[in-house]
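An overview of the molecular structure
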Amino acid sequence: MIDTGKKLLLGCVIFLISQSAIADDFYRGEVGLDYWWASTKISDVRYDEDKTPFLTLVLETELPYAPHFKFRYSEIDSQHTSFDKYDFIFYYDVMDHESLALDLGINASNYKNSRYTYSEENVAFNMTTWSFYANGAITIPNTNLDIIGQFDFYNSGNKKTADFIAGFEYTLDLQTVDVALRTGYRVMDYTFNEDKENEATVFIDGWFVGMSVIL
């Protein structure tokens, strides 16, 4: 999974370098890298911590009625839980004021190489989910500091997933690009009900730090 992350990071760098070639169609691009100290809890039993990156690519377009696009790659590779999570997010700016911003959309999440340990057995959960997506920011007056939050939620009856981020982001206005520095807390919460007697919960949480380059 580390090799996959390196390939995606290289792709993000190539995108950033070539951004000027598509400036006529896209008015905003962003490449982000975050480092997450993620601790795993399965059915209320806390296990090991996994130090892992997650990568983000954002394209916002001026094309009429076309949604903006965000891609995010996250990986977990701990002793009792592991997966690659690919988020393909399509969203619109619902609110975009000087002090308040809100995006709403849908997130198609694809899980690969996915497993968790339950009752001493490895259980695979490779799947694709469609979830509600929300992302918001509140700017602290007279500063470049934002309070940020992001959330997506899926419920199919026998499977529930949630991915939540809350934190702070400070933006440096540079001459050619903006650089955003952030820190916060991320939570992934999964419930698997294969039958009425067996319910497994997988809870992954921890602090993160990261940065984005914004064009």
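Everything below is about the structure shown above.
Here is a short report on the structure shown in this document. (Residues numbered from 1 in each chain as written. Predicted model: local features only at pLDDT ≥ 70, side-chain atom pairs only at ≥ 80, totals over all residues. Heavy atoms only, no water.)

Focus: the overall build of the protein
The helix and strand tally for the protein stands at one helix and eleven strands. Reading the protein from its N end, one meets helices and strands in the order α-β-β-β-β-β-β-β-β-β-β-β. Pairs at least 24 apart in sequence give 52% of the contacts found in the protein among residues at least 6 apart. By element, 58% of the accessible surface of the protein is carried by carbon and sulfur atoms, the whole surface being about 11600 Å². (Helix = DSSP H or I, 4+ residues; strand = E, 2+ residues; numbered from the N terminus. Contact = heavy atoms within 4.5 Å. Areas by Shrake-Rupley, 256 points an atom, 1.4 Å probe, with all protein chains shown as cover.)

Thoughts on the packing of aromatic side chains
The final tally for this structure, using the stated rule, is 21 aromatic pairs. Centre to centre, the rings of Phe-83 and Phe-125 are 5.8 Å apart; their planes meet at 70 degrees, and the pair counts as edge-to-face. One end of the pair, Phe-83, is in strand S4 (residues 81-96); the other, Phe-125, is in the loop between strand S6 (121-124) and strand S7 (127-139), and 42 residues separate them in sequence. Each of the two residues, Phe-83 as well as Phe-125, counts as buried. Relative to Phe-125, the ring of Tyr-111 lies with its centre 5.9 Å away and its plane at 55 degrees, an arrangement referred to as tilted. Here Phe-125 lies in the loop between S6 and S7 and Tyr-111 lies in strand S5 (residues 100-118), a separation of 14 residues in the sequence. Through a chain of ring-to-ring contacts, the aromatic side chains of Phe-83, Tyr-111, Tyr-116, Phe-125, Tyr-190 and Phe-192 assemble into a single cluster. Over the ring of Tyr-86 we find Lys-112; its NZ or CZ atom is 5.9 Å from the centre of that ring. Directly above the ring of Trp-36 sits Arg-186, whose terminal nitrogen or CZ lies 4.9 Å from the centroid. (Phe/Tyr/Trp six-rings, centres within 6.5 Å; stacked < 30°, edge-to-face > 60°. Buried < 20%, exposed > 50% of the residue type's maximum accessible area, 1.4 Å probe, protein only. Lys NZ or Arg CZ within 6 Å of the ring centre and 35° of its normal.)

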